[in-house]
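Descriptive structure summary
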Amino acid sequence: MSIVGLTLDYGPFGFMEWFEPDFAPNGSDAGGRYAYRAQPEACRFGCERLAEALGPALPLERSRPLLATWDDRFQAAYLRRMRVKLGLVDATGDAEEKDRALVDQLLETMEQTYADWTLTFRILCDFDPAAPETTLQLLVGVCAEPKVRASMVERKADMSKASMPPKQVRELWEMCQNDPERVKAMFPGSSLEGIIKQMKVELARAERAEAAESRLRTLRGVDPRDQASRDEELWARWLRLYGGAGLADEVGAPRRREAMRAANPAFVPRNWVLQEAIEAAYGADFSRVHALLQRVAHPFEEADAQECPAGGGCDWLRGVLACQCGHYRPPGTAVALLTTWPL
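Reference entry: report on the structure contained in this document. Just so we're clear, the structure is a prediction, and the values are computed from it rather than from any experiment. (Residues numbered from 1 in each chain as written. Predicted model: local features only at pLDDT ≥ 70, side-chain atom pairs only at ≥ 80, totals over all residues. Heavy atoms only, no water.)

Thoughts on a nonpolar patch on the surface
Spelled out, the test is: Patch construction takes residues with relative accessible area above 30% that form no salt bridge. Like charges are linked within 9 Å, and nonpolar side chains (Val, Leu, Ile, Met, Phe, Trp, Tyr) are linked within 5 Å. Areas reported here follow the Shrake-Rupley algorithm with a probe of radius 1.4 Å; residue values treat only the protein chains shown as occluding. Counted as salt bridges are all cases of a side-chain nitrogen of Lys or Arg within 4 Å of a carboxyl oxygen of Asp or Glu. A run of H or I in DSSP counts as a helix once it spans at least four residues, and a run of E counts as a strand once it spans at least two, with each numbered from the N terminus.
Judged by side-chain polarity, Ile-3, Val-4 and Leu-54 come together as a nonpolar surface patch covering roughly 310 Å² of accessible area. Topologically, Leu-54 is positioned in the loop between helix 1 (39-53) and helix 2 (60-67).

Some words on the pattern of salt bridges
Rules: Three exposure classes are used, based on accessible area relative to the maximum for each residue type with a 1.4 Å probe and protein chains only: buried under 20%, partly exposed in between, and exposed over 50%.
Summed over all chains, the structure comprises 16 salt bridges. Taking the shortest distance from any N to any O, the salt bridge between Arg-83 and Asp-99 comes out at 2.9 Å. With Arg-83 in helix 3 (residues 70-86) and Asp-99 in helix 4 (residues 94-113), the pair connects residues that are 16 residues apart, well separated along the chain. Judged by relative accessible area, which is 6%, Arg-83 ranks as buried. For Asp-99, a relative accessible area of 5% translates into the label buried.

Observations regarding helix 12 (residues 253-261)
Convention followed: As used here, the arc belongs to the directions running from the helix axis to the C-beta atoms. Here, two residues are considered to be in contact whenever any of their heavy atoms come within 4.5 Å of each other.
Burial in helix 12 covers these residues: Ala-253, Arg-256 and Met-260. Taken down its axis, helix 12 places every buried residue within 60° of arc, on the same side. Summarising the geometry of helix 12, the exposed residues directed more than 90 degrees from the buried face are Arg-255 and Glu-258. In this structure, the buried residues of helix 12 make contact with helix 3, helix 5 (117-124) and helix 11 (224-243).

Quick notes on the nonpolar core
The condition is simple: Only buried Ala, Val, Leu, Ile, Met, Phe, Trp, Tyr and Cys residues count toward a nonpolar core, and they belong to the same one when joined by side-chain atoms within 4.5 Å.
Counting residues in hydrophobic clusters, the biggest one holds 33 residues, and the most contacted among them are Leu-86, Met-110, Trp-235, Trp-238 and Tyr-242. Once residues lying within four places of it in the same chain are set aside, the contact partners of Tyr-242 are Leu-86, Leu-88, Leu-102, Leu-124, Phe-127, Leu-247, Arg-256 and Met-260.

Quick notes on unusual backbone geometry
Positive phi values are uncommon outside glycine, yet Tyr-114 reaches one of about 55°. Its place among the elements puts Tyr-114 in the loop between helix 4 and helix 5. Looking at Tyr-114, the relative accessible area reads 9%, which means it is buried. One non-glycine residue, Ala-284, lies in positive phi territory at about 70°. Residue position: Ala-284 is located in the loop between helix 13 (271-282) and helix 14 (287-296).

Below is the structure:
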């Protein structure tokens, strides 16, 4: 973490497609250290290391009290950002707690339905509490199909596998609790504290892998029509809550939509889109790169490919944009990339 708040770790990264709290674009991050849900802790860790580096100029006894406020400050800032993305009226007290609960329920619904992160928020920009059906059908349309969900869970199970069989992990963990001296003898040169810390990591990985395997067995037997019906039920429930959450009245609705559109991009450079442009560039065809650069320069604007540069990139971009109309259905090769990259 730099002094201006920028991360200095330029490792593997990527835009999250369908919402998954454990999403981590780095295939080597089996422990989920930098997963989406772990971002607050990762940022705090960076700030703590920055405080240590600044120790000679800013003693830790002065910076630690500030760092102790990190969690509350982060949660407050996160709620402010989510309020803007959802078009909620600023409020305090009971309304703040209700908004926080609404955001939590939104993320839970997105996780349960594997909704597309970018398009979900963009669709909500045009939500009309008096006529929710259009929004409801669009939201169901950007939820991953059962086979895609299964691929995502399978990838998660592969990433979460412990370095030893789950049974052995649990036996060692039990031994750490009941016979620590024996454990120390098994791992000479390692401190008991270090062994216990590693066992906790391995145990968590084993539990995630087992949970993913259980979820995978369920998904493989799901009928797409039954899944769509279940997704619709979940989203209808959340939209009823959203419709009563203090959105702007009919007079203020246009302003709300405009503010939400300025906070929720209509287009992001997804991994599979970048990959296709890169592969074309390796073949000396840079038309896709040029078309993509023009589109990402205006991410919050609704646009098509009519004004993109002449050439093959224009037709390609039209196809990319078409994937986001009605139902998000990227090409088959893209789905394979989404659920296996970067393992």
